[in-house]
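One-letter residues, chain by chain:
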Amino acid sequence: MAGTFIDVELSPEARDDPELAQKLEDACPVDIYANRDGSVDVVEENLDECILCGLCVEAAPPGKVRVLKLYDGTALER
Ligand code: SF4
């Protein structure tokens, strides 16, 4: 389930990367990512708290994490 305004998309290999799971948990200021036993858990109830800082996108290798702005159809990505 997505948030009302925001969703995040991770590639399958990014989801199961323990190092990335911790990086994302550390990077996001509003706790949208949690490291659950080495996998990335997206905390759905926090999605709409996203401040579009881009830190998660920067923490991940290019193309692995996208932050979708559901309200205008664009995304933060690299
Ligand atoms: S853009 Fe910032 S606030 Fe939004 S999910 Fe990424 S790290 Fe969290």
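The structure this text deals with has already been given above.
Residues numbered from 1 in each chain as written. Predicted model: local features only at pLDDT ≥ 70, side-chain atom pairs only at ≥ 80, totals over all residues. Heavy atoms only, no water.

## Focus: the sheet that holds strand β1 (residues 6–10)
The strand order across the open sheet built from three strands is β1-β4-β5, with neighbouring strands paired in antiparallel fashion. On the outer flanks of this sheet lie β1 and β5 (74–76), each paired with one strand and no other. For this sheet, the mean inter-axis angle between neighbouring strands, taken without regard to orientation, is 30 degrees. In this sheet, strand β4 (residues 65–69) lies alongside β1 in antiparallel orientation, the contact comprising five bridges. Note that in β4 the partner of D7 across the bridge is L68. (Pairing = 2+ DSSP bridges. Helix = DSSP H or I, 4+ residues; strand = E, 2+ residues; numbered from the N terminus. Axes fitted to C-alpha atoms, helices over the stretch in contact; angles between N-to-C directions.)

## As for the site of the ligand
In the neighbourhood of the ligand, the contacting residues comprise C28, P29, V30, I32, Y33, C50, I51, L52, C53, G54 and C56. When atom positions are compared with the pocket grids, the ligand is found to occupy the largest cavity. The class makeup of the residues in the shell around the ligand is ten nonpolar, one polar and no charged. (Near = heavy atom within 4 Å. 1 Å grid on protein atoms, 1.4 Å probe; cavity = no way out; pocket = protein on both sides within 12 Å on 5 of 7 lines; lining within 4 Å. Sits in = over half its atoms within 2 Å of the grid points. Nonpolar A, V, L, I, M, F, W, Y, C, P; charged D, E, K, R; others polar.)

## Some remarks on the pattern of salt bridges
Scanning all chains against the criterion turns up four salt bridges. When the shortest N-O distance is used, the salt bridge between E13 and K64 registers 2.6 Å. Within this pair, whereas E13 is found in helix α1 (residues 12–15), its partner K64 is found in the loop between α3 (55–59) and β4, the two being separated by 51 residues in sequence. A salt bridge links R36 to D41, with the shortest nitrogen-to-oxygen separation between them at 3.0 Å. Taking the relative accessible area as the measure of exposure, R36 reaches 48% and is therefore partly exposed. In this structure D41 comes out as partly exposed when scored by relative accessible area, which is 27%. Ionic contacts of the salt-bridge type, sharing partners, join the residues E9, R66 and E77 into one network. (Salt bridge = Lys/Arg side-chain N within 4 Å of Asp/Glu carboxyl O. Buried < 20%, exposed > 50% of the residue type's maximum accessible area, 1.4 Å probe, protein only.)

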